[in-house]
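# Fold and geometry: a report
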Amino acid sequence: MNNITVYSTPTCPYCYMVKDYLKKNNFEYTDINVAVDQAAASEMVKKSGQMGVPVIDIDGNIVIGFDRPKIDNLLGL
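Heads up: these notes are all about the structure in this document. (Residues numbered from 1 in each chain as written. Predicted model: local features only at pLDDT ≥ 70, side-chain atom pairs only at ≥ 80, totals over all residues. Heavy atoms only, no water.)

Check the secondary structure of the protein chain and you find 3 helices and 4 strands. Here the C-alpha radius of gyration of the protein chain, 11 Å, is about what a compact globule of 77 residues would show, namely 11 Å. By its C-alpha atoms, the protein chain is 30 × 20 × 20 Å across when sized along the principal axes. Out of the 77 residues in the protein chain, the part that is buried amounts to 38%. A fraction of 56% describes how many contacts in the protein chain between residues 6 or more apart in sequence connect residues 24 or more apart. Surface exposure of the protein chain reaches about 4,600 Å², of which carbon and sulfur atoms provide 50%. (Helix = DSSP H or I, 4+ residues; strand = E, 2+ residues; numbered from the N terminus. Rg over C-alpha atoms; globule rule 2.2 N^0.38 Å. Buried < 20%, exposed > 50% of the residue type's maximum accessible area, 1.4 Å probe, protein only. Contact = heavy atoms within 4.5 Å. Areas by Shrake-Rupley, 256 points an atom, 1.4 Å probe, with all protein chains shown as cover.)

Below, the structure written as structure tokens:
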């Protein structure tokens, strides 16, 4: 079982792509809206060094953007 967190905003099309991809492959995840949660936004920047979304944390491994090959590798797809 993977521990997956998606840091996203409601206006980000790539965030929806990541979440749809995870759902399609039957992975559960926690979605954090960094547009309304400033503490989570700070946590995201601390983990990734990035202000942009999506940032995906898969078992402590950070993926910036919808990097499908890296996501697939980390999830064993």
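This part takes up the side chain of Thr-5. Among the structural elements, Thr-5 can be located in strand 1 (residues 4-8). Residues within four places of Thr-5 in sequence aside, it is in contact with Thr-30, Ile-32, Val-55, Ile-56 and Asp-57.

Throughout the structure, instances matching the rule amount to 1 disulfide. Sulfur-sulfur distance for the disulfide between Cys-12 and Cys-15 comes to 2.5 Å. Looking along the S-S bond of the Cys-12-Cys-15 disulfide, the torsion reads about 90 degrees, which is the right-handed sense. Comparing Cys-12 with Cys-15, the two get one shared label, buried. (Disulfide = S-S within 2.5 Å.)

Before going further, it helps to examine helix 3 (residues 68-75). The set of residues buried in helix 3 consists of Ile-71, Asp-72 and Leu-75. Burial along helix 3 is one-sided: seen end-on, the buried residues are contained in an arc of 100 degrees. Turned more than 90 degrees off the buried face of helix 3, the exposed positions are Pro-69 and Asn-73. On its buried face, helix 3 sits against strand 1, helix 1 (13-24), strand 3 (55-58) and strand 4 (61-64). Just beyond helix 3, the residue with positive phi is Gly-76, at close to 70 degrees. (Arc of directions from axis to C-beta.)

It is worth spelling out the pairing of strand 2 (residues 30-33) at this point. Working note: regular strand, side chains alternate between the two faces of the sheet. As defined by bridge partners, strand 1 adjoins strand 2 across 4 bridges and the pair is classed as parallel. When the sheet's bridge partners are listed, Val-6 is paired in strand 2 with Asp-31. At this point the chain moves from strand 1, through helix 1, to the parallel strand 2, and the crossover so formed is right-handed. (Pairing = 2+ DSSP bridges. Right-handed = clockwise from strand over helix to strand, strands pointing away.)

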